[in-house]
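Topology and contacts: notes
This is what each chain is made of:
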Amino acid sequence: MTHIETSVIYNDQEYDQYEYMVQEEEWDRDLLLDPAWEKQQRKTFTAWCNSHLRKAGTQIENIEEDFRNGLKLMLLLEVISGERLPKPDRGKMRFHKIANVNKALDFIASKGVKLVSIGAEEIVDGNVKMTLGMIWTIILRFAIQDISVEETSAKEGLLLWCQRKTAPYRNVNVQNFHVSWKDGLAFCALIHRHRPDLIDYSKLNKDDPLGNLNLALEIAEKHLDIPKMLDAEDIVNTPKPDERAIMTYVSCFYHAFAGAEQAETAANRICKVLGVNQENEKLMEEYERLASQLLEWIRRTIPWLENRTPEKTMVSMQQKLEDFRDYRRMHKPPKVQEKCQLEINFNTLQTKLRISNRPAFMPSEGKMVSDIASAWQNLEQAEKGYEEWLLNEIRRLERLEHLAEKFRQKASIHESWAQDKEKILSRKDYESASLTEVRALLRKHEAFESDLAAHQDRVEQIAAIAQELNELDYHAVAEVNERCQRICDLWDKLGTMTQKRREALERTEKLLETIDQLFLEFAKRAAPFNNWMEGAMEDLQDMFIVHTVEEIQSLISAHEQFKATLPEADSERQAILGIQNEIQKISHSYNIVLSLTNPYSTIKSEGISAKWDKVKQLVPQRDQALQEELARQHSNERLRRQFAAQANVIGPWIQKKMEEIAHSSIEMSGTLEDQMTQLKQYEHVIVNYKPNIDKLEGDHQLIQESLIFDNKHTNYTMEHIRVGWELLLTTIARTMNEIETQILTRDAKGISQEQMNEFRASFNHFDRKKKGGMETDDFRACLISMGYDLGEVEFARIMTLVDPNGSGIVSFQSFIDFMTRETADTDTAEQVIASFRILAGDKPYILAEELRRELPLEQAQYCITRMPAYTGPGKAPGALDYSSFSTALYGESDL
Amino acid sequence: MDLYSVTLEGPAPWGFRLQGGKDFNMPLTVSRLTPGGKAAQQNVGVGDWVVSIDGVNAEGLTHVEAQNKIKACTDRLSLTLSR
């Protein structure tokens, strides 16, 4: 087969030959067109030509016939190009027709289409294929070639356009110019896309391609002025509809809509431009407006910022600062924004104008960018200045307020301190104070003075602050000055008063000291003097007890000595009283009001005077008393002597008698009866001597009444004499009694005189101390010498017998009793038993009737009642035990 | 002063001599002992005081009362003495 190379090369656009060749490969020149395609092309191309030819008022019926003479062809070209072709030849001859066709073909070629293998003769001859090919070439060149969609042109461009426009329709997928269009939805979609009012796309059904196609064809013809160039049935029934036909019909849609679009675009452009213009104008107006506003605002604000009226208080200043802050925070930012906006607007405007080729915007007089900039600068300058000023002012006010407060504080403190000081300093408390109190006041005053000094610099500080307030022009400075003045005046006054007080206190102190010294002097002298006086009073009233003349005489001499000291004492007294007077004089002359109580002494001058008078009084009293006593002592002495004289006689006499009596009892000259006689003589003498004793007693009584307790003239006291006398009496009596008992004993025990003398001699021998009685040891020695070998127990027994009272002395009588008993005691009891035995007829018991018969009734009854019943062997009823009875009589029973 | 007690088995004689009594103002004492007698066998001592007879306090008894008390004890004699 012949490889058709119908490469149509366009001058202004170059295609990839390959692409185009691919498309054209389907067309085989030599072969008949696919009959279906031929049919479709014929219909479509005819309709297309007619759509243009009707503007020239003509139509074609048969595409291969009606173009044979070339006239309608030339007409068609003129219509579709809008250009005049060369005048056609009006002949009917073949060569006329060929010439006309050639004119048409030349025109086509002059439009840049290389018509290869299409000749005029074939057209004149009515070659369908050629004719269709030529028409297709024309369609391609004039309807399709100029299509440009997104830099894609011609067929691809058209395809792209279709794809873009049908993109929203999901059931449409345009990939080619044949089968994609079979279901008719693509056409409908295209229509709906541009004129949704013409078609209700949602009602369309993919399965009704015929309906869809017919609908589209119908609408296109009626509303879009696109004749029906396709046959719906043909399209549906052909498996692959003719591409060119489809392309041709679709290109009509493109031109219809794109045209509208162009118009729209053009309108848009105009609108845009107009809009831009309007916008620009609005922006300019806006700019003018904002600029005016801003400038106005700046104009208003700057004076406010330049206002430098100072405020009085920090609070109001702070309020201003607050306002400024508000301005900065709230009022200015929007303005800044406005300015910014202005600038932006201006720039934008300028840019827009520049872009839209309009002259630059020139703001009106005074609203130029520079004006605004400079105004703004002024504003900011003013702001800065204002802020600075505000801060300075605030600082200043702060300082002022601080100072003022400080002043107030210090002043208050000082005033409160100084408040009562005036009163204190004017007190006259020292006038009635004691020395210690005045001294205390002086100390307090010293402390006050240093306190005052300490406050000096505080006052200076206050003054300094006041000064500063003046310099800094404090608004309430007058009041401050007044107060400061008051403080200073008071301060000076206090200074003066302090000084005065000091002087007064010191003066008073001096005086009180002097007085105090005097008091001390007084005390120092008055106390001992007082003691002396009291001592003297005591002594002068002293109760004395004297017993001798010497004693009283010494007292008298002491008294005389005392009297000698009186004048000296008197002068001391006067001196002391003088001191007191001195004190009073001083206190009166200096008007010192204080109680003149001597702190060092409780002794008063009146007391001293009183005592002194008393002393003076007592002295003669004492004299008298002493003299009286002296007389008494003398008399006592006399009594003593008297007594002594007597006692010294009586005493020895008694002594002598005692010795004589003792001697006589110890001596064993003569019988006991002789001794008794002698003793009786003694007794008689003694009794006759009694009156002497009585007399002595009388003297003694006198002595006692005179309260004489001693007597150096005799060693014998009354008691001595008395005792001695009584002892004498008792001795003589006892001695006599002893002799009597000895006589009795001798008679009772049948002791001979020689025995008696023996006993006496032993006794005397062992009476070592010659007291008339043996001591225990003496007795023991005696017994031992007599051959009694005694154990302690036995000796003790014997001691109880001889000394039943435990006196430790064995008398001669006891001694004799013991000596005689030992040898005779058992006999005595035995004798009685023996006597009873005789009466009982040798029985060991005795009967009551026997007793009655032998003894007097009374004694018999005594025995009967006391004798125990006999319980021994051979007892009879009524038998009485006389043995135990007898031994019992002597306190001894054998059991 | 040692107190001691003896119990002499009867019958009498007990083998001692009683001396003293309240009526004699002398304490009841043993003034003599029969050598080998019942009292001597029981180591009663001469000079010992009789404190109680048959449990009865002997202080304050007269000689006859004491004697009778001792005589009343036939089978047995209990004495408390002190040496």
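Keep in mind that what you see is a predicted model, and the values were worked out from it rather than measured.

1. Quick notes on the overall build of chain B
In terms of helices and strands, chain B carries two helices and six strands. Counting across all 83 residues of chain B, residues that qualify as buried make up 43%. Across chain B, the fraction of contacts at a sequence separation of at least 24, relative to all contacts at a separation of at least 6, is 63%. Counting only carbon and sulfur atoms, one obtains 50% of the accessible surface of chain B, whose full area is about 4,300 Å².

2. Overview of the pairing of strand S4 (residues 49-53) of chain B
Residues and elements named next belong to chain B. In this sheet, strand S6 (residues 76-82) lies alongside S4 in antiparallel orientation, the contact comprising four bridges. Paired with Trp-49 across the two strands is Ser-82, which belongs to S6. Once S4 ends, the chain turns through two residues before running back antiparallel as strand S5 (residues 56-57), passing Asp-54 with a positive phi of about 55 degrees.

3. Some points on the packing of aromatic side chains
Residue and element names in this part refer to chain A. Under the counting rule described, the total for this entry stands at 32 aromatic pairs over all chains. Each ring, one from Trp-161 and one from Tyr-254, has its centre 5.0 Å from the other, and the planes form 80 degrees; the classification is edge-to-face. Of this pair, Trp-161 sits in helix H8 (residues 154-166) while Tyr-254 sits in helix H12 (residues 243-306), placing them 93 residues apart in sequence. Residue classification places Trp-161 among the buried residues on the basis of a relative accessible area of 3%. Here Tyr-689 and Trp-725 contribute two aromatic rings whose centre-to-centre distance is 6.4 Å and whose plane-to-plane angle is 35 degrees, an arrangement assigned as tilted. Placement of the pair is Tyr-689 in helix H20 (residues 672-705) and Trp-725 in helix H21 (residues 718-749), with a sequence separation of 36 residues. Take Tyr-689: its relative accessible area is 13%, and that puts it in the buried class.

4. Some thoughts on the nonpolar core
All names here are of chain A. In terms of nonpolar packing, the biggest core is built from 81 residues, with Trp-48, Trp-181 and Phe-253 touching the most fellow members. Per element, the largest residue contribution to this core is twelve residues, and it comes from helix H7 (residues 128-144). Leaving out residues up to four positions away in the same chain, Phe-253 has contacts with Trp-161, Phe-187, Leu-190, Ile-191, Ala-220, Leu-224, Ile-226 and Ala-258. Counting residues in hydrophobic clusters, the runner-up holds 54 residues, among them Trp-297, Ile-302, Trp-389 and Leu-400.

5. What to know about the interface of chain A and chain B
How big an interface is tends to be stated in terms of the accessible area lost upon association of its parts. At the junction of the two partners, chain A supplies 19 residues and chain B supplies 19 residues. Contact between chain A and chain B buries roughly 1,700 Å² in total, counting both sides, with carbon and sulfur atoms accounting for 54%. Of all residues in chain A, the largest losses of buried area upon contact with chain B belong to Arg797(A), Glu892(A) and Leu895(A), amounting jointly to 36% of the total for that side. Counting the contacts that link chain A with chain B gives one salt bridge. Note that Lys71(B) is salt-bridged to Asp881(A), the shortest N-O span being 2.3 Å.

6. Quick word on the environment of Leu839(A)
Residues and elements named next belong to chain A. With respect to the element layout, Leu-839 can be found in helix H25 (residues 812-839). Taking the C-alpha atoms as reference points, Leu-839 and Glu-850, separated by eleven residues in sequence, lie 7.1 Å from one another. If sequence neighbours within four positions are ignored, Leu-839 has contacts with Ile-846, Glu-850, Glu-854 and Leu-855.

7. Examining the pattern of salt bridges
Residue and element names in this part refer to chain A. On inspection of all chains with the given rule, the structure shows 62 salt bridges over all chains. One salt bridge connects Arg-525 with Glu-572, and the closest N-O pair in it is separated by 3.3 Å. Of this pair, Arg-525 sits in helix H17 (residues 477-541) while Glu-572 sits in helix H18 (residues 549-589), placing them 47 residues apart in sequence. With a relative accessible area of 26%, Arg-525 lands in the partly exposed category. Linking Arg-632 and Glu-629 is a salt bridge whose minimum nitrogen-to-oxygen distance equals 2.8 Å. Taken together, the residues Arg-632 and Glu-629, both in helix H19 (residues 605-666) and three residues apart, mark about one turn of the helix. Assessed through its relative accessible area of 35%, Arg-632 is described here as partly exposed. Through salt bridges that share partners, Arg-328, Lys-332, Glu-380, Glu-383 and Glu-387 make up one connected network.

8. Section: the side chain of Thr498(A)
All names here are of chain A. Examined against the element boundaries, Thr-498 turns out to sit in helix H17. In this structure Thr-498 comes out as buried when scored by relative accessible area, which is 3%. Beyond its immediate chain neighbours, meaning those up to four positions away, Thr-498 contacts Leu-425, His-445, Phe-448, Glu-449 and Leu-452.

Conventions adopted
- Along each chain, the written sequence defines residue order, and numbers are assigned to residues from 1.
- Chains and ligands are labelled by the order in which they are written, letters from A for the one and numbers from 1 for the other.
- In view of the model being predicted, local features appear only for residues whose pLDDT reaches at least 70, and side-chain atom pairs are presented and counted only at 80 or more, with totals across whole chains, interfaces and linings using the full set of residues.
- As a rule here, side-chain values cover all heavy atoms of the structure and leave hydrogens and water aside.
- A helix here means a DSSP run of H or I that spans at least four residues, while a strand means a run of E at least two residues long, and both kinds are numbered starting from the N terminus.
- Only protein chains enter the accessibility calculation, which uses a 1.4 Å probe; a residue whose area is less than 20% of its type maximum is buried, one above 50% is exposed, and one in between is partly exposed.
- Residues are treated as being in contact if the distance between any of their heavy atoms lies within 4.5 Å.
- Only the protein chains shown count as cover for residues, and the accessible areas themselves come from Shrake-Rupley with a 1.4 Å probe.
- DSSP-based pairing: two strands are paired if at least 2 bridges between them are found.
- Only rings of Phe, Tyr and Trp enter the pairing, Trp through its six-membered ring, and a pair is recorded when the two centres are within 6.5 Å. The plane angle decides the type: under 30 degrees is stacked, over 60 is edge-to-face, the rest tilted.
- Residue types Ala, Val, Leu, Ile, Met, Phe, Trp, Tyr and Cys, when buried and joined through side-chain atoms within 4.5 Å, form a set referred to as a nonpolar core.
- Throughout, the accessible surface (probe 1.4 Å) given up by two parts as they are put together, summed over both, is called the buried area.
- Just to be clear on terms, a salt bridge is a Lys or Arg side-chain nitrogen sitting within 4 Å of an Asp or Glu carboxyl oxygen.

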